[in-house]
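Secondary and tertiary structure notes
In case you want the letters, here they are:
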Amino acid sequence: MVPEMNEAISRILDSDRAVLAEAVTTRQYEAQPELAARYGASGRARCLQDANYHLSYLANAVAASSHALFSDYIEWAKVMLEARGIPAADLSRNLSIMSEVVGERLPAEMRPVVQKYFAVGLDRLPALPSDLPPLFEDAAPHGDLAKQFLRLLLNGERHLASRLILDAVESGVEVKEIYLHVFQPSQREIGRLWQMNRVSVAQEHFCTAATQLIMAQLYPRIFRTEKNGRRIVATSIGGELHEIGVRIITDFFEMEGWDTYYLGANSPTNAILQALSDRKADVLAVSATMTFHIRAVENLIAAVRASGDLKAVKILVGGYPFNIEPELWKRVGADAYAADASDAVAMASSL
Ligand code: B12
């Protein structure tokens, strides 16, 4: 159970976010007038945008009662900002000012709760790396294939990348192995390269679109398992644009004989409830990648539980924040969680 105080703090952080972000930015520019010259005219706007991001991650971490989620975000932000020429000292100053400003806004009894989130994050900040090592491990299964695949995509060679995968499958590599040992690590590596400012947003989009196209080419092999009579609806939560993770989850269920109904990214609650009821689903699989969507997951689960005809539906959750905070699935009210596609089907079958 998350303490009621956390819920209340999180609501204030949300409703007052714009005012808080503005106050933090103004105070930081007053304290460090040199910032205006250093980051130019657009610098202040970016600082304001970052303050909004910090506050929405904070609000969700507090609502989930998880210091780990906010600390992980600070760790991510340090690498991302340093790669774009913003030193950790500026981030640290910004978070200290935010801690002050938020503290002044909240009633006295709430202050220590929220300031602990900043303290835990700021304590770790100086020792955190500014650089992230490559995510590919040489010893990983199909490590060479994954590296070749990503190299082709980064060079814009979509057809060759597709040929590489189709040949591997032809020569006996299982589709599940391609998903877990080629697509998943190469997507995560693209994320690392984007975070470190080494690939463009266009390259990130190209690689993702190409990977989805190649996944579709594998479908004749995925949709040929005999059905076992169990039904699952799978989706990303409303607002969430990341969809490959839950698509992989869905395809693993399909390959195990489940009847799957995949809704993709950013699904509205009503559409999900309708699909569960129309499909007579046994299980709902919900994915969230961005920490600031956790409360939406919680609200969706509450809506499913409140619908009379959906009482028997079991709810499985997963995605980035659930992998950072191992207790999070319980706090949002789910029945189970799996870290990746390899465990998801067994977990759902056991419910
Ligand atoms: C592609 C991508 C995008 C694409 C998504 C397109 C699409 N159609 O999916 C676009 C461009 C839209 C995008 C946008 C953003 N992204 Co992005 N994105 C990625 C990237 C590179 C790959 C995502 C992916 O496909 N991963 C591969 C899958 C297979 O892994 P997975 O999602 O973890 O899924 C596995 C498990 O988590 C689990 N799982 C997942 N869902 C579920 C559900 C259930 C029920 C279960 C049981 C298990 C489960 O099983 C899956 C399979 O094994 C990631 C990097 C990363 N580390 O993932 C960044 C990343 C997630 N993005 C990031 C960011 C910051 C953003 C943006 C804010 C800015 C931006 N980069 O443009 C926006 C926010 C958009 C939003 N509101 O949702 C950050 C998040 C950092 C953080 N600390 O929060 C990451 C980590 C990149 C980075 N290293 O900086 N992104």
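Residue positions are given per chain, counted from 1 along the sequence in the order it is written. Confidence filtering applies because this is a predicted model: local features only for residues at pLDDT of at least 70, side-chain atom pairs given and counted only at 80 or more, and all residues used for totals across whole chains, interfaces and linings. Working from all heavy atoms in the structure, the side-chain values ignore hydrogens and water.

Quick look at the coordination of the cobalt atom of the ligand
The following threshold applies: In this listing, donors mean N, O and S atoms no farther than 2.8 Å from the metal, or 3.2 Å for Na, K and Ca; water is missing from the atoms, so a site can look incomplete. The secondary structure listing takes helices from DSSP runs of H or I that are at least 4 residues long and strands from runs of E that are at least 2 residues long, numbered from the N terminus.
The sole protein-derived ligand of the cobalt atom of the ligand is His242 (NE2), positioned 2.2 Å away. When you line up the elements, histidine 242 lands in the loop between strand 1 (231–236) and helix 12 (244–255).

Observations regarding the site of the ligand
Selection rule: When we say a residue is near a molecule or strand, we mean one of its heavy atoms is within 4 Å of it. Pairs of N or O atoms are called polar contacts if they sit within 3.5 Å, as long as, within protein, a hydrogen donor faces a hydrogen acceptor (for residues adjacent in sequence, only side-chain-to-side-chain pairs). Residue polarity is assigned by list, with Asp, Glu, Lys and Arg as charged and Ala, Val, Leu, Ile, Met, Phe, Trp, Tyr, Cys and Pro as nonpolar; anything else, Gly included, falls into the polar class.
Around the ligand, a shell composed of 40 residues is seen, among which Tyr57, Trp76, Gln184, His242 and Ser287 lie nearest. A distance of 2.4 Å is found between an oxygen atom of the ligand and a side-chain nitrogen or oxygen belonging to glutamine 184. One of the side-chain nitrogen or oxygen atoms of histidine 242 is found 2.7 Å away from a nitrogen atom of the ligand. Of the residues contributing to the shell around the ligand, the split by class is 18 nonpolar, 16 polar and 6 charged.

What about the packing of helix 2 (residues 17–31) against helix 5 (residues 88–105)?
For the record, the criterion: The angle between two axes is taken between their N-to-C directions and runs from 0 to 180 degrees, where each axis is a line fitted to C-alpha atoms and a helix contributes only its stretch in contact. We call two directions roughly parallel when the angle between them is under 35 degrees, roughly antiparallel when it is over 145, roughly perpendicular when it lies between 65 and 115, and oblique otherwise. Handedness of each helix crossing follows the sense of rotation of the near helix against the far helix: counterclockwise by less than a right angle gives left-handed, clockwise gives right-handed. The contact criterion used throughout is that any non-hydrogen atoms of two residues lie within 4.5 Å.
Their axes nearest at 9 Å, the elements helix 2 and helix 5 cross at an angle of 130°. One way to sum up the angle between helix 2 and helix 5 is to call them oblique. Handedness of the crossing formed by helix 2 with helix 5: right-handed. The segment helix 2 lies against helix 5, with Val19, Leu20, Ala23, Val24, Arg27, Gln28 and Ala31 engaging Asp90, Arg93, Asn94, Ile97, Met98, Glu100, Val101, Val102, Glu104 and Arg105. Among the residues forming the contact of helix 2 with helix 5, the class breakdown is 9 nonpolar, 2 polar and 6 charged.

Regarding the side chain of threonine 250
We apply this condition: Only protein chains enter the accessibility calculation, which uses a 1.4 Å probe. A residue is then buried if its area is under 20% of the maximum for its type, exposed if over 50%, and partly exposed in between.
Within the element layout of this structure, threonine 250 appears in helix 12. Residue classification places threonine 250 among the buried positions, given a relative accessible area of 3%. Look past the residues within four positions of threonine 250 in its chain and what remains in contact with it is Ala234, Thr260 and Tyr262.

Some words on the sheet that holds strand 4 (residues 314–318)
Going by this rule: Here, a strand pair is defined by DSSP locating no fewer than two bridges between the strands.
Spatial strand order, 2-1-3-4-5: 5 strands in an open sheet with parallel pairing. Of all strands in the sheet, those with a lone pairing partner are strand 2 (259–262) and strand 5 (336–337), marking the two edges. Its contacts with the sheet place helix 17 (residues 341–349) against strand 3 (283–287), strand 4 and strand 5, and it is angled at close to 160° to strand 4.

Things to note about the pattern of salt bridges
What counts here: We count a salt bridge whenever a side-chain nitrogen from Lys or Arg sits within 4 Å of a carboxyl oxygen from Asp or Glu.
With the rule as written, the count across this model stands at 18 salt bridges. Note that aspartate 90 is salt-bridged to arginine 38, the shortest N-O span being 2.7 Å. Residue aspartate 90 is found in helix 5, and its partner arginine 38 is found in helix 3 (residues 34–63); the two are separated by 52 residues along the sequence. Here arginine 38 falls in the partly exposed class, since its relative accessible area comes to 41%. A salt bridge links arginine 198 to aspartate 131; the shortest N-O distance between them is 3.8 Å. Linking arginine 198 in the loop between helix 9 (175–195) and helix 10 (201–217) with aspartate 131 in the loop between helix 6 (111–124) and helix 7 (143–154), this pair joins segments that are 67 residues apart in sequence. The exposure class of arginine 198 is exposed, given its relative accessible area of 52%. Each of Asp14, Arg17 and Arg295 takes part in salt bridges that share partners, so that together they form one network.

Some details on empty space enclosed by the protein
In plain terms, the rule: In this analysis the probe radius is 1.4 Å and the grid spacing 1 Å, with only protein atoms considered; a cavity is a set of points the probe fits into but cannot get out of, a pocket is an open set with protein on both sides within 12 Å along at least five of seven lines, and lining residues have an atom within 4 Å of a point. Grid points are joined across faces, edges and corners, and a volume is the space filled by probe spheres set on the points.
Per the stated rule, a full pass over the model turns up 2 cavities of 30 Å³ or more. Quantified by volume, the largest cavity comes out at close to 210 Å³. Considering the residues around the largest cavity, the lining is formed by 14 residues, among which Tyr39, Cys47, Asp50, Ile86 and Asp90 are closest to the centre. For the lining of the largest cavity, the elements supplying multiple residues, two or more each, are helix 2, helix 3 and helix 5. Here the lining of the largest cavity takes 7 residues from helix 3, the largest share from any one element. Residue composition of the lining of the largest cavity, by class: 7 nonpolar, 4 polar and 3 charged.

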